[in-house]
Amino acid sequence: SQTIHQWPATLVQPVGSPLSLECTVEGTSNPNLYWYRQAAGRGLQLLFYSVGIGQISSEVPQNLSASRPQDRQFILSSKKLLLSDSGFYLCAWRAFGVTYEQYFGPGTRLTVT
Amino acid sequence: GIQVEQSPPDLILQEGANSTLRCNFSDSVNNLQWFHQNPWGQLINLFYIPSGTKQNGRLSATTVATERYSLLYISSSQTTDSGVYFCAVGATSASKIIFGSGTRLSIRP
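Here we summarise the structure given alongside this text.

Each value, and the rule that gives it
- Residues numbered from 1 in each chain as written.
- Chains lettered and ligands numbered in written order.
- Predicted model: local features only at pLDDT ≥ 70, side-chain atom pairs only at ≥ 80, totals over all residues.
- Heavy atoms only, no water.
- Helix = DSSP H or I, 4+ residues; strand = E, 2+ residues; numbered from the N terminus.
- Rg over C-alpha atoms; globule rule 2.2 N^0.38 Å.
- Buried < 20%, exposed > 50% of the residue type's maximum accessible area, 1.4 Å probe, protein only.
- Polar contact = N/O pair within 3.5 Å; in protein donor to acceptor, adjacent residues only side chain to side chain.
- Contact = heavy atoms within 4.5 Å.
- 1 Å grid on protein atoms, 1.4 Å probe; cavity = no way out; pocket = protein on both sides within 12 Å on 5 of 7 lines; lining within 4 Å.
- Points joined across faces, edges and corners; volume = space filled by probe spheres on them.
- Nonpolar A, V, L, I, M, F, W, Y, C, P; charged D, E, K, R; others polar.
- Pairing = 2+ DSSP bridges.
- Disulfide = S-S within 2.5 Å.

### Remarks on the overall build of chain B
Reasoning step 1: In terms of regular secondary structure, chain B is built from zero helices and 11 strands.
Reasoning step 2: N-terminal to C-terminal, the α/β element order of chain B is β-β-β-β-β-β-β-β-β-β-β.
Reasoning step 3: Relative to the compact-globule value of 13 Å for 109 residues, chain B shows a C-alpha radius of gyration of 13 Å, a close match.
Reasoning step 4: Across its three principal directions, the C-alpha atoms of chain B cover 45 × 25 × 20 Å.
Reasoning step 5: When the 109 residues of chain B are sorted by exposure, 48% land in the buried category.

Here is the structure:
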């Protein structure tokens, strides 16, 4: 069966520090991968998605970036965090060519101080 | 792009009550999912239902694609049903899905 991992689970970082969040998927090949952000009490905002290695689509201009160095690995990064980057970051995957159903990881709760 | 509206935004019920959550969307879709976000933030897949009716225990969902809406029914509510329910839709060729703003459900014991 498929499993999605995210780490770390929680993170407290000062303003101006770098960020690296990692997401990996097991049990499937060539998945679509997604990064979402959820502000407290709000809905989900799609940040990036990838349909293959090295292929990244950005949905929202910001100081975040994403990379997909391997088929089942998706990384969210920032060179300098802002207070507004605080939130709950969720990674999701969808099997390529099957149904369009997405599955979510457990999330990373980021607090920028 | 596709617009997704969920109603009501908030719902407070006593344990044992039934509820109906609605999701309206503005264009043709062939992907519709219902999720439950629990108090710890985990998004749990409830239904993948681009059309028709499905049931899973006390939960059921119906999507009428031609009229562009979906309904999620929760019967005999329990406190563990509390959380936020999201509807998300996608078009045939799209690689992404669009989320509604959610319905926050609170079940009182």
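Picking up where we left off.
### Remarks on the side chain of Ser70(B)
Residues and elements named next belong to chain B.
Reasoning step 1: By secondary structure assignment, the location of Ser-70 is in strand β8 (residues 69–74).
Reasoning step 2: Among the residues examined, Ser-70 registers a relative accessible area of 0% and is labelled buried.
Reasoning step 3: A polar atom in the side chain of Ser-70 sits 3.0 Å from the side chain of Trp-34.
Reasoning step 4: With residues near it in sequence (within four places) discarded, Ser-70 still touches Leu-21, Arg-22, Cys-23, Phe-25, Leu-32, Trp-34, Ile-49, Thr-62 and Thr-63.

### Focus: the layout of surface pockets
Reasoning step 1: As a volume, the largest pocket reaches approximately 440 Å³.
Reasoning step 2: Only β9 (87–94) and β11 (108–112) of chain A together with β9 (83–90) and β11 (103–108) of chain B provide two or more residues apiece to the lining of the largest pocket.
Reasoning step 3: Here the lining of the largest pocket gets four residues from one element, more than from any other, and that element is β11(B).
Reasoning step 4: Looking at the lining of the largest pocket residue by residue, the class counts come to 10 nonpolar, 15 polar and four charged.

### Quick word on the pairing of strand β5 (residues 44–52) of chain A
Residue and element names in this part refer to chain A.
Reasoning step 1: The buried fraction of β5 amounts to seven of the nine residues, a majority that puts the element mostly inside the structure.
Reasoning step 2: Where strand β4 (residues 32–38) meets β5, six bridges bridge the pair, whose relative direction is antiparallel. Looking at β5, one finds that Tyr-36 is bridged to Leu-46.
Reasoning step 3: Following β4, the chain reverses through five residues before pairing antiparallel with β5; Gly-41 in that reversal takes a positive phi of roughly 70°.
Reasoning step 4: Across three bridges, the pairing between β5 and strand β6 (residues 55–58) is antiparallel. By the bridge assignment, Phe-48 is partnered in β6 with Ser-58.

### Considerations on the state of the cysteines
Reasoning step 1: This model, assessed by the stated rule, comprises two disulfides over all chains.
Reasoning step 2: Paired through a disulfide, Cys23(A) and Cys91(A) show a sulfur-sulfur distance of 2.0 Å. Around the S-S axis, the bridge from Cys23(A) to Cys91(A) shows a dihedral of about -75° and counts as left-handed. In this pair, Cys23(A) sits in strand β3 (residues 19–26) while Cys91(A) sits in strand β9, placing the two residues 68 residues apart along the sequence. Comparing Cys23(A) with Cys91(A) shows no difference in burial state: the two are buried.
Reasoning step 3: The side chain of Cys23(B) participates in a disulfide bridge whose partner is Cys87(B); the two sulfur atoms lie 2.0 Å from each other. On the sign convention where negative means left-handed, the S-S torsion of about -55° between Cys23(B) and Cys87(B) marks this disulfide as left-handed.

### A word on unusual backbone geometry
Reasoning step 1: For the bond running from Trp7(A) to Pro8(A), omega is 0°, close enough to zero to count as cis.
Reasoning step 2: With respect to the element layout, Pro8(A) can be found in the loop between β1 (3–7) and β2 (10–13).
Reasoning step 3: Going from Ser7(B) to Pro8(B), the amide bond is cis rather than trans, its omega being -10°.
Reasoning step 4: Backbone geometry at Asn30(A) places phi at a positive 55°, although glycine is not the residue there.
Reasoning step 5: Within the secondary structure, Asn30(A) sits in the loop between β3 and β4.
Reasoning step 6: On the basis of relative accessibility, which here comes to 31%, the residue Asn30(A) falls in the partly exposed class.
Reasoning step 7: The phi dihedral of Ser76(B) is positive, around 45°, even though this residue is not glycine.
Reasoning step 8: The topology assignment puts Ser76(B) in the loop between β8 and β9.

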